[in-house]
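Letter by letter, the chains look like this.
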Amino acid sequence: MASEDNRRDERPAGNGTDLLEDLPEGIAEQLDQRLSTDETPQLVLSTDITREGSYGESWLVATDKRLFILSATDQDPALSLEGTAVAAMPILEVPLSQIDTVETHEFTGTGILEIGTAMGASEELQFSRSLADKFVEAANVVEELVRQNKPEPTPEEQERLDAEAKERERKRPEPKPRCPTCGRRLPKGSEHCPACRPHGKLLLRMFGFVRPYIWLSVLSFMLSISLTVLNLAPPVLFSRLLDTCLAPRAGLHLTLDQRFHNLWILVAASAGVRLASAVVTGSRTRVMGWLGNNIMVDVRTQLYTHLQRLSLSFYDKKHLGSIMSRVTNDTAVMNQFIVDGLQRFMINFLTLLAIGSYLFVLNPGLAFLVVALPTPFLAFGARWFARKVHPLYRRYWRQVSSLNAVLASSVSGVRVVKGFAQEQRENRRFRGKSHDILRVNMRVNKLHSMYFPIMSLAGSVGSVIIWAVGGPEVLRGTLSIGSLSLFTNYMWQFYGPIGDLTAIQDQIQNTAAAAERVFEIMDTEPEVQDKHSSIDLPRIKGRVEFTDVSFRYESMEPGDYVLQDISFSAEPGELIGLVGHSGSGKTTLINLLLRFYDVTGGSVNIDGKDIRDVKLKSLRQQIGVVLQEPFLFSGTIAENIAYGRPDATREEIMQAAKASNAHRFIIRFTDGYDTEVGERGVRLSGGEKQRLSIARAILNNPRILILDEATSAVDTETERLIQEALDTVMKGRTSFAIAHRLSTLRNARKLIVLDKGKIVETGTHDELLALEGGVYQKLCKIQTDLSSNIVIQE
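Quantities reported herein were computed from a predicted structural model and do not represent experimental measurements.

Trainee: Looking at this model, I keep getting lost on the overall build of the chain. Mind explaining?
Mentor: A count of helical and extended segments in the chain gives 23 helices and 17 strands. Counting over 794 residues, the chain shows a buried share of 45%. Carbon and sulfur atoms form 56% of the exposed surface of the chain, whose accessible area is close to 41,900 Å².

And the structure:
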């Protein structure tokens, strides 16, 4: 752009330079042809996604009069930073005076800058999440430019504009959490910055798992040192063999019998060393195997135990595959380092120190050339390798988690996959995730291909130096052949630990990445947990009271609520029906009663006690839950019914099954109550699983019973059986029932109608049905109309 430099001088000082990027020369020339002489660019910002949604560059340019969006297409990749001969490219132009709204929207991996015009049209520019901050700032700049180009509004228009601005500000997403130390964005769902976690502290923290086995660890370490000492003996014996038997050094006059005598002594010593080495190796392997397996169990058990403590909000943010990967893969990596890696590191370090010192004793000049001179370069190389490889390992484990998530999703939903014939699509997804891992592995492999050969070259150069310097000394008689052989062997044993230490450096980085992910979970505190002052909830009567309850999820925009100002009470033994459109907040209300989440405002009381002041276990043990989609664990029918009470007798299990109308179908199975239900109850029908879940709920004899669409997914006959079971179960218990089939709630003592998170109607079935234009009446009318329109074809 010919006049670009001059125009930059006219830019307002308020705009940051990061929003005034340089356009490629060819693009700048095309844009310059459209700008008038008095038009000054106020904003020049690039994005990494084209308007077609593929990766490529697009540009947002705003002057003091117009806004331009410059975007290449997949067929015409005009945006090139390399050359100056850029083909003509699509340029979208919008006068600032015609722009009504400027908004940014962030999604999982991308975002959109949306430009709304006075004609009702809108234009969008996509960007990746890494550019989100810049585009939020750019939207503010464009809004200010639009305001400057609009005529002065009337008082009424100004009031409307202020109200719209206030609403946009209310809905503006909260700023993404950042690390207070480095300013980087925290990973989604994480409170810890991986870049600022001190790796040394992470690794030291891992050794807390060793504390219960400290003496066994000491034994293992002593065996490792013994094995290292034994491995240092053969070069000395071989040197003595050369100097006293095969090629006696100058000045040493031995008879043939003396040389044979020395030979047999050295042979016996060598055999003894080999035998001792084998015994120590076997003992060390056995001890380390026992130690490793026990530490593995402890690490996984502690992690799993902590996962059980975490609130549902944690699982809302994490993929199943990510959690599985941390419990299995990451803990295995940590265990390998705890048991073997640290010992290897310490032993190799001590070996380097011992051999290096001995080499200086043998020949200081030669030792300086092969030990002291290359060591700083090797240390620098190890540091460089660590900085390069650690981010790749962190990315690798993220990709493994993503792959596990795809695998868990496709296996769990295999019926849906096959039902829609989407096997090829799932194959492509899995192949894509596998290739993501491949790309990371290839980058790691590239680093390995540069780093490890250089380390190996150091040993080769060392041997050449020894021959070049030590060989003449042997010829001159100042150095014996045995001493040269000993020096050469120890040189290889010196560089061996260096190579091993570089490999351990690689393992340390891999372990640090895995430890970050494991400790991230362990450092996550449950959002819902017992207070120090919490008390056990005594056997309750069942009076439930919601007082001014409001609730919003953490991910929601400020000012938005799932539930707002909810107040009602339920007396012991009453059946309360919860009615409303999908998304009105019925299930969320039940989740608050179970204290899966804590209320944002107000309180939930049971028998006059705020449920936040009682222990979770004592609360949930007195509440039974029957979900819309019953979940059965792998195991027998009896084990699933007794899940909440593992100590229940077979008679108690059978009584619960009879109360839920499940006993008859159970005894038809060959194995009866010992029948295996399969993964997630796959061997049972939906109605059978539902009746088992009812039996499971009532075996605890709960004082409060929650029924969440318990009969929505079964046929009429099964619904009748389930409803009969529920009628029996609900007697004498405070019950909350969510149902879309409103006919099932006719006998409810009270119906609570929710709409958009608020209670809009309360009363009995007949009272609500009599309300003209009421929400409940409309819902009943819709269901009646649907029923009358069913046509049975013969």
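Trainee: Hey, could you run me through unusual backbone geometry in this one?
Mentor: Across residues other than glycine, the phi torsion is negative in most instances, and most of the peptide bonds are trans. Positive phi, close to 55°, is recorded for Asp565, a residue that is not glycine. If you trace the backbone, Asp565 turns up in strand β9 (residues 563-570).

Trainee: Where do I start with the pattern of salt bridges in this structure?
Mentor: Applying the stated criterion across every chain yields a total of 16 salt bridges. For Arg66, the salt bridge goes to Glu93, with nearest N and O atoms at 2.8 Å. Here Arg66 is found in strand β3 (residues 66-71), whereas its partner Glu93 is found in strand β4 (residues 91-95), with 27 residues between them in sequence. For Glu144, the salt bridge goes to Arg147, with nearest N and O atoms at 2.6 Å. Taken together, the positions of Glu144 and Arg147, both in helix α3 (residues 132-149) and three residues apart, correspond to about one turn of that helix. Classification of Glu144 by relative accessible area gives partly exposed; the value is 32%.

Trainee: How should the pairing of strand β14 (residues 704-708) be read in this particular structure?
Mentor: In summary, the side chains of a regular strand alternate between the two faces of the sheet. Burial analysis of β14 places five of its five residues in the buried class, the great majority of the element. In β14, alternate side chains face the same way, and those of Ile704, Ile706 and Asp708 on one face and Leu705 and Leu707 on the other are all buried. By the bridge criterion, five bridges tie β14 to strand β15 (residues 734-738) in an arrangement that is parallel. Residue Ile706 lies in a different strand from β15, and its bridge partner there is Phe736.

Trainee: So what exactly am I meant to see when it comes to the sheet that holds strand β17 (residues 758-763) here?
Mentor: Within a beta sheet, neighbouring strands are joined by backbone hydrogen bonds and run either parallel or antiparallel to one another. The six strands are arranged β13-β14-β15-β10-β16-β17 in an open sheet whose pairing can be described as mixed. The open sheet has two edge strands with one neighbour each: β13 (623-626) and β17. Averaged over all adjacent pairs, the angle separating strand axes in this sheet is 20°, with direction ignored. Two strands pair when backbone bridges link them, and strand β16 (residues 750-755) and β17 are joined in this way by five bridges, in the antiparallel orientation. Bridge pairing in β17 links Asp755 to Lys758.

Trainee: How do you make sense of the sheet that holds strand β6 (residues 110-117) when you look at a structure like this?
Mentor: Within the open sheet, the three strands sit side by side as β5-β6-β7. Their pairing is antiparallel. Looking at which strands have only one partner, the edges of the open sheet turn out to be β5 (99-106) and β7 (122-128). Across the sheet, the mean angle from the axis of one strand to that of its neighbour is 15°, orientation sign disregarded. Strand direction decides the pairing type here: β6 and β7, joined by seven bridges, are antiparallel. The residue bridging Glu114 from the neighbouring strand is Glu124, located in β7. Of the strands in this sheet, β5, β6 and β7 are in contact with α3, which crosses β5 at around 170°.

Trainee: In this structure, what is going on with empty space enclosed by the protein? I would like to understand it.
Mentor: Any empty space left between the atoms is revealed when a probe the size of a water molecule rolls over them. The full count for this structure, using the stated rule, is three cavities of 30 Å³ or more. Residue lining of the second largest cavity: Leu592, Tyr597, Asp598, Val599, Ser603, Val604, Asp610, Ile611 and Arg612, and that is the complete set. In terms of residue class, the lining of the second largest cavity is made up of five nonpolar, one polar and three charged.

Trainee: Looking at this model, I keep getting lost on the packing of aromatic side chains. Mind explaining?
Mentor: Inspection of the entire model under this criterion finds 11 aromatic pairs. Residues Phe546 and Phe568 carry aromatic rings whose centres are separated by 4.8 Å and whose planes lie at 10° to one another, so their mutual orientation is stacked. Of the two residues, Phe546 is situated in strand β8 (residues 544-551) and Phe568 in strand β9; the sequence distance between them amounts to 22 residues. Residue classification places Phe546 among the buried positions, given a relative accessible area of 2%.

Trainee: Sorry if this is basic, but what is going on with a nonpolar patch on the surface here?
Mentor: On the surface, a cluster of nonpolar side chains totalling about 440 Å² of accessible area is made up of Ile214, Trp215, Val218 and Met222. Residue Val218 is classed as partly exposed on the basis of its relative accessible area, which comes to 35%.

Trainee: Could you clarify how one ought to interpret helix α15 (residues 586-593) in this entry?
Mentor: Since there are 3.6 residues in each turn of an α-helix, residues three or four apart along the chain are aligned in direction. Within α15, seven of the eight residues are buried, which leaves the element mostly enclosed by the surrounding structure. Along α15, the positions that sit buried rather than exposed are Lys586, Thr588, Leu589, Ile590, Asn591, Leu592 and Leu593. Immediately beyond the C-terminal end of α15, within one or two residues, lies Arg595, with a positive phi of roughly 60°.

Trainee: What should I look at first to understand helix α20 (residues 686-698) in this one?
Mentor: Taking 1.5 Å per residue, 13 residues should reach 18 Å; α20 reaches 19 Å between its end C-alpha atoms and fits that length. The element α20 is extensively covered by neighbouring structure, given that 12 of its 13 residues are classed as buried. Considered for burial, the residues of α20 that qualify are Gly687, Glu688, Lys689, Gln690, Arg691, Leu692, Ser693, Ile694, Ala695, Arg696, Ala697 and Ile698.

Trainee: Any chance you could explain a negative patch on the surface here in plain terms?
Mentor: Taken together, Glu156, Glu157, Glu159 and Asp162 make up a surface patch of like negative charges. The topology assignment puts Asp162 in helix α4 (residues 155-171). A residue is classified by how much of its surface remains accessible, and Asp162, at 44% relative accessible area, is partly exposed.

Trainee: I keep staring at a positive patch on the surface and nothing clicks. Help me out?
Mentor: There is a patch of like positive charges on the surface, built from Arg387, Lys388, Arg395, Arg398, Arg443 and Lys446. Of the residues forming the positive patch, the biggest block, four residues, is contributed by helix α11 (residues 375-412). Assignment of secondary structure puts Lys388 in helix α11. Its relative accessible area of 44% is what places Lys388 among the partly exposed residues.

Trainee: What should I look at first to understand the side chain of Glu21 in this one?
Mentor: Structurally, Glu21 can be placed in the loop between α1 (4-9) and α2 (25-32). The buried category is assigned to Glu21, whose relative accessible area is 19%. Side chain to side chain, Glu21 and Ser46 meet in a polar contact 2.7 Å long.

Trainee: What should I look at first to understand the packing of helix α6 (residues 214-246) against helix α7 (residues 256-309) in this one?
Mentor: In a packed pair of helices, the relevant descriptors are the angle between the two axes and the axis-to-axis distance. Between α6 and α7, whose axes approach to 9 Å, the crossing angle comes to 160°. The pairing of α6 with α7 is recorded here as roughly antiparallel in orientation. As for the relative orientation of α6 and α7, their crossing is left-handed in sense. Broken down by class, the residue content of the contact of α6 with α7 amounts to 21 nonpolar, 11 polar and four charged.

Trainee: Would you mind showing me how to read the environment of Gln308 here?
Mentor: Note on placement: Gln308 falls in helix α7. A C-alpha to C-alpha distance of 9.6 Å links Gln308 and Pro526, two positions 218 residues apart in sequence.

Trainee: I tried to follow the nonpolar core on my own but got confused; where do I start?
Mentor: What tends to happen in soluble globular proteins is that the nonpolar side chains get buried as a cluster. Counting 47 residues, the largest nonpolar core has Met206, Phe209, Ile295, Met334 and Phe519 as the members making the most contacts within it. Among the secondary structure elements, those contributing two or more residues to this core are α5 (199-206), α7, α9 (320-362), α10 (364-372) and α14 (481-522). Other than its neighbours up to four places away in sequence, Met334 contacts Met206, Phe209, Thr511, Ala514, Ala515, Val518 and Phe519. Ranked by size, the runner-up nonpolar core spans 40 residues in total, among them Val579, Ile637, Phe665 and Leu707.

The rules behind the values
Residues numbered from 1 in each chain as written. Predicted model: local features only at pLDDT ≥ 70, side-chain atom pairs only at ≥ 80, totals over all residues. Heavy atoms only, no water. Helix = DSSP H or I, 4+ residues; strand = E, 2+ residues; numbered from the N terminus. Buried < 20%, exposed > 50% of the residue type's maximum accessible area, 1.4 Å probe, protein only. Areas by Shrake-Rupley, 256 points an atom, 1.4 Å probe, with all protein chains shown as cover. Salt bridge = Lys/Arg side-chain N within 4 Å of Asp/Glu carboxyl O. Pairing = 2+ DSSP bridges. Axes fitted to C-alpha atoms, helices over the stretch in contact; angles between N-to-C directions. Contact = heavy atoms within 4.5 Å. 1 Å grid on protein atoms, 1.4 Å probe; cavity = no way out; pocket = protein on both sides within 12 Å on 5 of 7 lines; lining within 4 Å. Points joined across faces, edges and corners; volume = space filled by probe spheres on them. Nonpolar A, V, L, I, M, F, W, Y, C, P; charged D, E, K, R; others polar. Phe/Tyr/Trp six-rings, centres within 6.5 Å; stacked < 30°, edge-to-face > 60°. Patch = residues over 30% accessible without salt bridge, like charges linked within 9 Å, V, L, I, M, F, W, Y side chains within 5 Å. Expected span 1.5 Å × (residues − 1). Lys, Arg positive; Asp, Glu negative; His and termini not counted. Charge placed at Lys NZ, Arg CZ, Asp CG, Glu CD. Polar contact = N/O pair within 3.5 Å; in protein donor to acceptor, adjacent residues only side chain to side chain. Parallel < 35°, antiparallel > 145°, perpendicular 65-115°, else oblique. Left-handed = near helix turned anticlockwise from the far one by under 90°. Core = buried A, V, L, I, M, F, W, Y, C linked by side-chain atoms within 4.5 Å.

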